[in-house]
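Inside the fold
This is what each chain is made of:
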Amino acid sequence: MAEQQPDNANGAAAPAQPAGAQFSVEKIYVKDVSFESPKAPQVFNEQAQPQLNMNLNQRVQKVGENGYEVVLGITLTCTLGEGDGNTVYVAEVQQAGVFGLSGFEPNVLDAMLGTHCPNVLYPYARQLLGELIQAGGFPPFLLQPINFEALYAEGLRQRNAKQQPGAGNGDSETVGNA
């Protein structure tokens, strides 16, 4: 028999967050998409081992009182050998979402925007990149999962290191939990 959760309308367990904190996904959309294959159709006859390079970036912009646009950018560049003239394809996706976040402490808000929001966006970007590459005439490619928590922790560590150059400036502000 199911037990009723009195303070939760959908019956799910309440998420572990500060009292009054709210998170919502308002909209998910593609902000920009690009696919280029400068050597097609000649590249389809080449037999060299391709090299893949992935560039990952994220932008956050406040939109409204409690709204934030998070843009997860992923660029995949496939090359054969060294040099710009050996580019097989470049696939780029900027997957975006508008998220409602309110009631979070500043360091928790920063962590939510840096980890939780990209985790929501990544599956959409991953699927779109795979479809672009396959539509370009290349074998299907599936991006592996990304640990956004580890990336956020490393970015936080780098920000803290920049704020504390050497042994100077005794007053330094903590940016988050590390």
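Each remark here, short or long, concerns the structure printed above.
Rules used throughout
- Residues numbered from 1 in each chain as written.
- Predicted model: local features only at pLDDT ≥ 70, side-chain atom pairs only at ≥ 80, totals over all residues.
- Heavy atoms only, no water.
- Helix = DSSP H or I, 4+ residues; strand = E, 2+ residues; numbered from the N terminus.
- Buried < 20%, exposed > 50% of the residue type's maximum accessible area, 1.4 Å probe, protein only.
- Contact = heavy atoms within 4.5 Å.
- Areas by Shrake-Rupley, 256 points an atom, 1.4 Å probe, with all protein chains shown as cover.
- Phe/Tyr/Trp six-rings, centres within 6.5 Å; stacked < 30°, edge-to-face > 60°.
- Expected span 1.5 Å × (residues − 1).
- Bend = angle between axes of the 7 residues up to and from the residue.
- Pairing = 2+ DSSP bridges.

As for the overall build of the protein chain
For the protein chain, the count of helices and strands is 2 helices and 4 strands. Secondary structure of the protein chain in N-to-C order comes out as β-β-β-β-α-α. The 178 residues of the protein chain split such that 30% are buried. Look at the contacts in the protein chain between residues 6 or more apart in sequence, and 67% of them connect residues 24 or more apart. Carbon and sulfur atoms make up 50% of the accessible area of the protein chain, which totals about 11400 Å².

Focus on the packing of aromatic side chains
Summed over the entire model, instances satisfying the criterion amount to 6 aromatic pairs. Residues Phe 35 and Phe 138 carry aromatic rings whose centres are separated by 6.4 Å and whose planes lie at 50° to one another, so their mutual orientation is tilted. Of the two residues, Phe 35 sits in strand β1 (residues 22-36) while Phe 138 sits in the loop between α1 (106-135) and α2 (148-163), which places them 103 residues apart along the sequence. Of the residues examined, Phe 35 reaches a relative accessible area of 25% and is grouped as partly exposed. Clustering of aromatic rings is evident, with ring pairs tying together Phe 35, Phe 44, Tyr 89 and Phe 138.

Description of α1
When the terminal C-alpha atoms of α1 are compared, their 42 Å separation across 30 residues agrees well with the 44 Å that a helix rising 1.5 Å per residue should span. The largest bend along α1 reaches roughly 35° and is located at Asn 119, with the proline Pro 123 sitting one to four residues downstream. Phi turns positive, to about 95°, at Gly 137, one or two residues after α1.

Some words on the pairing of strand β4 (residues 87-102)
With 12 of 16 residues buried, β4 lies mostly within the body of the structure. Two elements, β1 and β4, share 13 bridges in a ladder whose sense is antiparallel. Its bridge partner being in β4, Val 25 is matched across the sheet by Phe 99. With 13 bridges joining them, strand β3 (residues 67-79) and β4 adopt antiparallel strand pairing. Bridge pairing in β4 links Tyr 68 to Phe 99.

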